[in-house]
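Chain by chain, the residues:
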Amino acid sequence: MSPAATLAAATAAGPGFLSPTGVEVAFVLVGLATLGAALVTVTTKQLVHAALWLVVALGGIAVEYLLLTAEFIAWVQVLIYLGSVVVLLLFGLMLTKAPIGRSPDADSGNRWVALGVASVSAVALVWVVVDAFRTTWIDLDGPVQGSTKVSGEILFQHWVLPFEALSVLLLAALIGAIVLSRRDDPNGPDDSAAPGKAADPGDKKGQR
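Report on the accompanying structure.

Parameters and conventions
Residues numbered from 1 in each chain as written. Predicted model: local features only at pLDDT ≥ 70, side-chain atom pairs only at ≥ 80, totals over all residues. Heavy atoms only, no water. Helix = DSSP H or I, 4+ residues; strand = E, 2+ residues; numbered from the N terminus. Buried < 20%, exposed > 50% of the residue type's maximum accessible area, 1.4 Å probe, protein only. Contact = heavy atoms within 4.5 Å. Areas by Shrake-Rupley, 256 points an atom, 1.4 Å probe, with all protein chains shown as cover. Patch = residues over 30% accessible without salt bridge, like charges linked within 9 Å, V, L, I, M, F, W, Y side chains within 5 Å. Salt bridge = Lys/Arg side-chain N within 4 Å of Asp/Glu carboxyl O. Expected span 1.5 Å × (residues − 1). Bend = angle between axes of the 7 residues up to and from the residue. Axes fitted to C-alpha atoms, helices over the stretch in contact; angles between N-to-C directions. Parallel < 35°, antiparallel > 145°, perpendicular 65-115°, else oblique.

1. What to know about the overall build of the protein chain
Phase 1 of the analysis: Scanning the protein chain from N- to C-terminus turns up eight helices and zero strands.
Phase 2 of the analysis: Sequence-ordered secondary structure for the protein chain, helices as α and strands as β, is α-α-α-α-α-α-α-α.
Phase 3 of the analysis: The proportion of buried residues among the 208 residues of the protein chain is 12%.
Phase 4 of the analysis: Considering only contacts within the protein chain whose residues lie at least 6 apart along the sequence, 68% involve residues at least 24 apart.
Phase 5 of the analysis: Of the roughly 16300 Å² that the protein chain leaves accessible, carbon and sulfur atoms contribute 70%.

Put into structure tokens, the structure is as follows:
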């Protein structure tokens, strides 16, 4: 059988990597743009630029969800991460008076260690995803599969325990942040020595 006949038979048998559709090409291009924005986010030394590039990266992930017909997850990505997390980061930069320009403190010196950990994590994640969905194909031209009804049924029927565990973890992180923010500074000034503070009646009795 000739190569052309083999390719035609494979195309007629089902989807394959040799016959990508327009949606699949767009998915790859948006993925590359998202990866580039993520790399700029972790390599730039300007904190404000890092936050803005993070917006691009998270927005690219939302577009990827849309291309995978997961509209509900895409809008959750936009509302929670783009609408809340990034805005919180920008407010944190403004309230802490972070430097607007280049900041030498933005580089911790562990760049190679972080690169190694990120590479190992990326390889492991790609391996798990490819092994789990090796023969599974999503019909991107078909009906929407990530609607609110479908996502709710899957989440609260099969993934309810991890969902509740995640909520408890977020609650613990919130309580820890409140405790750390209200902790008294042991090296702070003594309030008793502040000018204009009324003297304790017990101290006056001791001086007599």
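2. Re a nonpolar patch on the surface
Phase 1 of the analysis: A contiguous nonpolar surface patch, about 450 Å² in accessible area, is contributed by Leu79, Ile80, Tyr81, Val85 and Leu89.
Phase 2 of the analysis: Residue position: Leu89 is located in helix H4 (residues 71–95).
Phase 3 of the analysis: Assessed through its relative accessible area of 41%, Leu89 is described here as partly exposed.

3. Some details on the side chain of Glu64
Phase 1 of the analysis: Mapped onto the fold, Glu64 is located in helix H3 (residues 47–67).
Phase 2 of the analysis: Not counting the four nearest positions on each side in its chain, Glu64 is found in contact with Phe27, Val30 and Gly31.

4. Some points on H4
Phase 1 of the analysis: The terminal C-alpha atoms of H4, which comprises 25 residues, lie 34 Å apart, in line with the 36 Å expected from a rise of 1.5 Å per residue.
Phase 2 of the analysis: Taken as a whole, H4 carries its principal kink of about 25° at Tyr81.
Phase 3 of the analysis: For H4, the full list of buried residues reads Ala74, Gln77, Val86 and Leu93.
Phase 4 of the analysis: Of the surrounding elements, those touching the buried residues of H4 are H3.

5. What about the environment of Gly31?
Phase 1 of the analysis: Checked against the element boundaries, Gly31 lands in helix H2 (residues 22–43).
Phase 2 of the analysis: Residues Gly31 and Glu64, spaced 33 residues apart in sequence, show a C-alpha to C-alpha distance of 7.2 Å.

6. So, the packing of H3 against H4
Phase 1 of the analysis: Remark: H3 packs on H4, axes separated minimally by 8 Å, with the N-to-C direction vectors making an angle of 175°. Relative to H4, the element H3 is oriented roughly antiparallel. Residues Leu47, Val48, Ala51, Leu54, Val55, Leu58, Gly59, Ile61, Ala62, Tyr65 and Leu66 of H3 form the contact with H4, whose own contacting residues are Glu71, Ile73, Ala74, Gln77, Val78, Tyr81, Leu82, Val86, Leu89, Leu90 and Leu93.

7. A few points about H3
Three- or four-residue spacings in an α-helix give side chains the same orientation, since the helix completes a turn every 3.6 residues.
Phase 1 of the analysis: In this model H3 runs 30 Å from its N-terminal to its C-terminal C-alpha over 21 residues, within 8% of the 30 Å that 1.5 Å per residue would give.
Phase 2 of the analysis: Among the residues making up H3, those that are buried are Ala50, Ala51, Ala57, Leu58, Gly59, Gly60, Ala62 and Glu64.
Phase 3 of the analysis: Contacts made by the buried residues of H3 are with H2 and H4.
Phase 4 of the analysis: Thr69 occupies a position one or two residues after H3 and carries a positive phi of about 60°.

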